[in-house]
Amino acid sequence: MFKSFEPNKIFAITSKAPKYVFSLFIIVLTIGLTEALFLSPEDYKQSDAVRIMYVHVPAAWISLGIFSSLALLSVGSFVFKNKNFALIAKSLAPSGFVFNIIALVTGSIWGKPTWGTWWAWDARITSMLILALFYGMYLLAWRIYENNEQVIKITSLIAILGVVNVPIIKFSVDWWNTLHQPASINILSTNTAIHSSMLIPLSIMTAAFVLFSLLIFLMKYNTELIKVKNKGLDRL
Amino acid sequence: MINEIVSMNGYGFYVWSAFSFTLISFTTLYFATKIQLSKEQKKFAYKFGSLSVQKATAARLQNINREILSNTSNI
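Criteria and cut-off values
Residues numbered from 1 in each chain as written. Chains lettered and ligands numbered in written order. Predicted model: local features only at pLDDT ≥ 70, side-chain atom pairs only at ≥ 80, totals over all residues. Heavy atoms only, no water. Axes fitted to C-alpha atoms, helices over the stretch in contact; angles between N-to-C directions. Helix = DSSP H or I, 4+ residues; strand = E, 2+ residues; numbered from the N terminus. Parallel < 35°, antiparallel > 145°, perpendicular 65-115°, else oblique. Left-handed = near helix turned anticlockwise from the far one by under 90°. Contact = heavy atoms within 4.5 Å. 1 Å grid on protein atoms, 1.4 Å probe; cavity = no way out; pocket = protein on both sides within 12 Å on 5 of 7 lines; lining within 4 Å. Points joined across faces, edges and corners; volume = space filled by probe spheres on them. Nonpolar A, V, L, I, M, F, W, Y, C, P; charged D, E, K, R; others polar. pLDDT = per-residue confidence, 0-100. Core = buried A, V, L, I, M, F, W, Y, C linked by side-chain atoms within 4.5 Å. Buried < 20%, exposed > 50% of the residue type's maximum accessible area, 1.4 Å probe, protein only.

Side note on the packing of helix α2 (residues 53–80) of chain A against helix α4 (residues 123–144) of chain A
Packed helix pairs are specified by the crossing angle of their axes together with the interaxial distance, meaning the distance between the axes. Residue and element names in this part refer to chain A. Across the interface, α2 lies against α4 with an axial gap of 12 Å and an inter-helix angle of 45°. On the basis of their axis angle, the class for α2 and α4 is oblique. In terms of crossing hand, the pair formed by α2 and α4 is left-handed. Contacts from A60, S63, L64, I66, F67 and L70 of α2 reach α4 at M128, L131, F134, Y135 and Y138.

Here it is, written out as structure tokens:
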């Protein structure tokens, strides 16, 4: 079933794809930034500070999505004993971590004009910080451990333990009284509290961020495959 | 007009710092990843070049090795 996903077969695609993804990313990002910074309306309460949403929200969504993927891939690598799952997870993690940091920093910047503080030990913010710590542990484990079998087990364990935090982040605004506002968009229903004039730039910026994480994933995955091949040449 | 864009109704500092931080993070991650990839490609090309003719012929039979070498020449 997974034979068509073997690194040897897909490298031809993954090595050529980055240049096309990069061009598409630049186009979508330019449109997204124009919409987000100049064309979208200001909010009646938050005024222009609302524009921070166009970088903060997509970054938070993608960091959560990537961590959930890490956990799924880790389960996959355990169940199917396929090391390629671990390689894919390892290549996804850096962009997930950077998006998590972006969500935290831009959230903090947005907090100052709206809540009057840069930081609060609020349930949503604290759980996002915990996610960043899990990302940090995951990436560090890949750097620290040399033994391949051992590192796959440890990183999988970190991803599976850390994914427990994902629903906590999602529902933290409903379970506890927090400074953070509840979700304005529900992908499972058509009910959104955002007007289309703001939803469109938000969707374009999300698409740009997805393309960026795809670009980094492809470059990182190619790096990992070449590392494997370098070890193979040593054994020849 | 430009003043309005820069000041963003008094929120310019917050808006521009958030967008700048995001774009700087993107640029840093992109170049860090690109440098790492180029380093591994160069290492591969060097190791491949130091193989004996027999070993190089055997290694060249794998499609992935040919792909890496063809990409390395584009660096």
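Digging into empty space enclosed by the protein
All names here are of chain A. Per the counting criterion, the structure on display carries one cavity of 30 Å³ or more. Each pocket or cavity is described by its volume, and for the largest cavity that value is around 40 Å³. Every residue along the wall of the largest cavity is listed here: L73, S74, S77, A86, A89, Y138, W142, I152, T155 and S156. Going through the elements one at a time, α2, α3 (83–115), α4 and α5 (148–162) are the ones with two or more residues in the lining of the largest cavity. Here the residues of the lining of the largest cavity sort into six nonpolar, four polar and no charged.

Remarks on the confidence of the model for chain B
All names here are of chain B. Averaged over chain B, the pLDDT score is 83; the fraction of residues at 70 or greater is 77%. Within chain B, the element-level pLDDT minimum falls on helix α4 (residues 63–72), averaging 63, and the maximum on helix α2 (residues 12–49), averaging 94. Across the assembled chains, the prediction reports ipTM 0.91 with pTM 0.90.

Brief notes about the nonpolar core
For soluble globular proteins, the rule of thumb is that nonpolar side chains tend to be buried together. With 85 residues, the main nonpolar core has L70, M205, F209 and F212 of chain A together with F19 of chain B as its most contacted residues. In this view, M205 of chain A contacts L29, G32, L33, A36, Y54, V55 and P58 of chain A together with F19 of chain B; residues no more than four positions away in its chain are not counted.

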